[in-house]
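Coordinate analysis (summary)
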Amino acid sequence: MKKFVFMLLLLLFVVVLPGHGHAAAGTNKIFLDDKELTAGQDVPVENVNSSVMVPLRMIAENLGYKVDWDQKSKTITIEQQGKTIKLFVDQTTASVDDKTVTLTAAPLLRTNTTLVPIRFIGEQFGLTVKWDNTAKVVNLITPIMPDPNADPGGNSGGGTNGTVPPADTTANLTMVNGVSFSENKLIIAMDGSSQPKVSKVTGPERIVIDLPNANFSDLFKTGQELDSSLNGKLTITDYPDVSGVRYSLYSTAPYTVRFVIDLTQAQNYSVDVTEDVSKLVVIDLNAASTDTTVTPPPVNNGRKLVVLDAGHGAKDSGAVGVTGKYEKNFNLAIVLKAAALLKKESNIDVVLTRSDDTFLELKDRAGMANNLKADLFISVHANSGSPAATGTETYYQRDASKALANVMHKYLVQATGLSDRGVRYGNFHVIRETTMPAVLLEVGYLSNKGDEALLFSDALQNKVAAGIVSGIKEYLGL
Ligand SMILES: [Zn+2]
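Attention here is on the structure that accompanies the text. (Residues numbered from 1 in each chain as written. Predicted model: local features only at pLDDT ≥ 70, side-chain atom pairs only at ≥ 80, totals over all residues. Heavy atoms only, no water.)

Thoughts on the coordination of the zinc ion
Here the zinc ion is held by Glu183 (OE), His312 (NE2), Glu327 (OE), Glu327 (OE) and His381 (ND1), and the distances to it run 2.1 to 2.8 Å. All donors of the zinc ion belong to a single chain; written as a sequence motif, their spacing is E-x128-H-x14-E-x53-H. Here His381 lies in strand E27 (residues 376-383) and Glu327 lies in helix H5 (residues 327-342), a separation of 54 residues in the sequence. Across the pair, exposure class does not vary: Glu327 and His381 are buried alike. (Donors = N, O, S within 2.8 Å, 3.2 Å for Na, K, Ca; no water. Helix = DSSP H or I, 4+ residues; strand = E, 2+ residues; numbered from the N terminus. Buried < 20%, exposed > 50% of the residue type's maximum accessible area, 1.4 Å probe, protein only.)

Here we look at the pattern of salt bridges
Under the counting rule described, the total for this entry stands at 15 salt bridges. Asp210 is paired through a salt bridge with Arg258; the nearest N and O atoms lie 2.7 Å apart. Note that Asp210 is positioned in strand E18 (residues 206-212) and Arg258 in strand E22 (residues 255-263), a separation of 48 residues in sequence. Each member of the salt-bridge network shares a partner with another, and the members are Asp284, Glu393, Arg421 and Arg424. (Salt bridge = Lys/Arg side-chain N within 4 Å of Asp/Glu carboxyl O.)

Describing unusual backbone geometry
Here Lys74, not a glycine, exhibits a phi torsion of approximately 55 degrees, which is positive. Considering the arrangement of structural elements, one finds Lys74 in the loop between strand E6 (66-70) and strand E7 (75-80).

Focus: the sheet that holds strand E15 (residues 174-182)
On the basis of which strands lie adjacent, the open sheet formed by five strands has the order E19-E15-E16-E24-E23 and mixed pairing. Two strands lie at the open edges of the sheet, namely strand E19 (214-216) and strand E23 (270-274), each paired on one side alone. Strand after strand, the sheet turns through a mean of 30 degrees between neighbouring axes, direction not considered. Pairing of E15 with strand E16 (residues 185-191) involves seven bridges; the strand directions are antiparallel. Within the sheet, the bridge partner assigned to Val179 lies in E16 and is Ile188. (Pairing = 2+ DSSP bridges. Axes fitted to C-alpha atoms, helices over the stretch in contact; angles between N-to-C directions.)

With respect to the packing of aromatic side chains
Counting across every chain of the model gives eight aromatic pairs. An angle of 90 degrees between the planes, with centres 5.2 Å apart, marks the rings of Tyr395 and Phe428 as edge-to-face. Remark: Phe428 occurs in the loop between strand E29 (420-425) and helix H8 (429-432) and Tyr395 occurs in strand E28 (residues 392-396); sequence separation between them is 33 residues. The exposure class assigned to Phe428 is buried, which follows from its relative accessible area of 7%. Taken together, the ring pairs in this structure connect Phe216, Phe220, Tyr247 and Phe259 into an aromatic cluster. Above the face of the Phe359 ring, Lys315 is positioned so that its terminal group lies 4.3 Å from the ring centre. One residue, Lys325, lies across the ring of Phe456, its end atom 5.8 Å from the ring centre. (Phe/Tyr/Trp six-rings, centres within 6.5 Å; stacked < 30°, edge-to-face > 60°. Lys NZ or Arg CZ within 6 Å of the ring centre and 35° of its normal.)

What to know about helix H6 (residues 362-371)
Regarding H6, the residues found buried are Arg365, Ala366, Gly367 and Ala369. Where H6 is buried, its residues contact strand E25 (304-310), E27 and H8. Following H6 by one or two positions, Lys373 has its phi on the positive side, about 50 degrees. (Contact = heavy atoms within 4.5 Å.)

Observations regarding helix H10 (residues 458-476)
Taking 1.5 Å as the rise per residue, H10 with 19 residues should run 27 Å; its terminal C-alpha atoms sit 27 Å apart, in good agreement. Looking at H10, one finds that the buried residues are Leu460, Gln461, Val464, Ala465, Gly467, Ile468, Val469, Gly471, Ile472, Tyr475 and Leu476. Gly477 lies just past H10 and shows a positive phi near 70 degrees. (Expected span 1.5 Å × (residues − 1).)

Considering the pairing of strand E10 (residues 99-102)
Where strand E9 (residues 93-96) and E10 come together, four bridges link them in antiparallel fashion. Of the residues in E10, the one forming a bridge with Ala94 is Val101. Hairpin connection between E9 and E10: a loop of two residues separates the two successive antiparallel strands, and Asp97 in this loop has a positive phi of roughly 50 degrees.

Points about the side chain of Thr392
Locating Thr392 in the fold gives a position in strand E28. Residue Thr392 is classed as buried on the basis of its relative accessible area, which comes to 0%. Of note is the side chain of Thr392, whose polar atom sits 2.9 Å from the side chain of Thr416. Residues in contact with Thr392, not counting those within four places in the same chain, are His409, Leu412, Val413, Thr416, Leu418, Ser419, Asp420, Arg421, Gly422, Glu442 and Val443. (Polar contact = N/O pair within 3.5 Å; in protein donor to acceptor, adjacent residues only side chain to side chain.)

These results come straight from atomic positions and should not be treated as a statement about function.
Put into structure tokens, the structure is as follows:
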């Protein structure tokens, strides 16, 4: 509901530029860092009182300022970087952090929108605002350095503090070759030495990744959506904390490629940069939670029902390994082997969400376990990351799953013999929406040659299956 109101409010806003020109409505153009911002057709840019009026909606959407609207008092509140501006419809008096200022033009109500002054607002928040009176163009220029007040974000970090090289030529540009989002991680592939600058920004919540001295390669354009203004986006489903990923050539002086992970709520992250044939920047949203509450395991009171979930299936291959092997097949092999072992246990019943190469929605996997009132839910996956990333992780989402995660991880690490990447918080659908202790195992990294070979070996799969059974038995006290 709140989100709906917020979006509605965005529609109400428009901006006024004091100063120049008397162009007819709709002839002015607004550029943000050399990219044209488009308003809806029903929300024309206007000149009022020698001020260019543009929809704030496009400013809010592109700059992410937090806006609020009070219908009763016709008050517009805009917040960013700890600064609050209040504007009032039809009043040239405004306030900036409780200091009163005078505007050249007052905000105005239109049928579906409110008009507010862009030069005033932009300059208040550190933008450079330029007006080309001949071309009737407003240029908004954002500061190149990330907001110094922004939370550097994440825990563990790493690789985020590189300096920005001077980059006003196209020589030695880092070329960005691709981007993907999977397993709650944004992975950017590139050639070059650009040092990513990552920051957490609020209002709305998002993570901004700037690659200085970088541009999109032709390869990027063949593999990803990129429009003529060098903007594009990834559609994200299955990750409720992430509403989308946007990217653009943010600046050409110096060249900067920007990625933005739009979040539905604040989210920790870690940054990993690996040097290899191709360089990968990994923004991992599976950062550990600080919550330490532990729920004790249940006491044994009879036969227990365990649901084993082989991740992905059919059209959804999951991660694709370095030699082209599919994660879905690994997951299924492990689950089938573990189920065969569990069937020998007199106190344990086992149900599989899938026992062949079929596709299931995440909600159906969680729903199955909930409907069965299962005692445990264990989802099996293999990971993907940089070529160098290797090791074993176990994820929980709810406090009730932590104890299970600790036990399962102990046996899983023992079974794989890979490096121990720890028990982690991960907001995965199947372990969030289930109602019993539930974990998601990332057995190893298919993007790593060594891990991939190991994970597809029969010996390792038998060990992992036996480890899963040992973990289940210990947790259930059997
Ligand atoms: Zn997976």
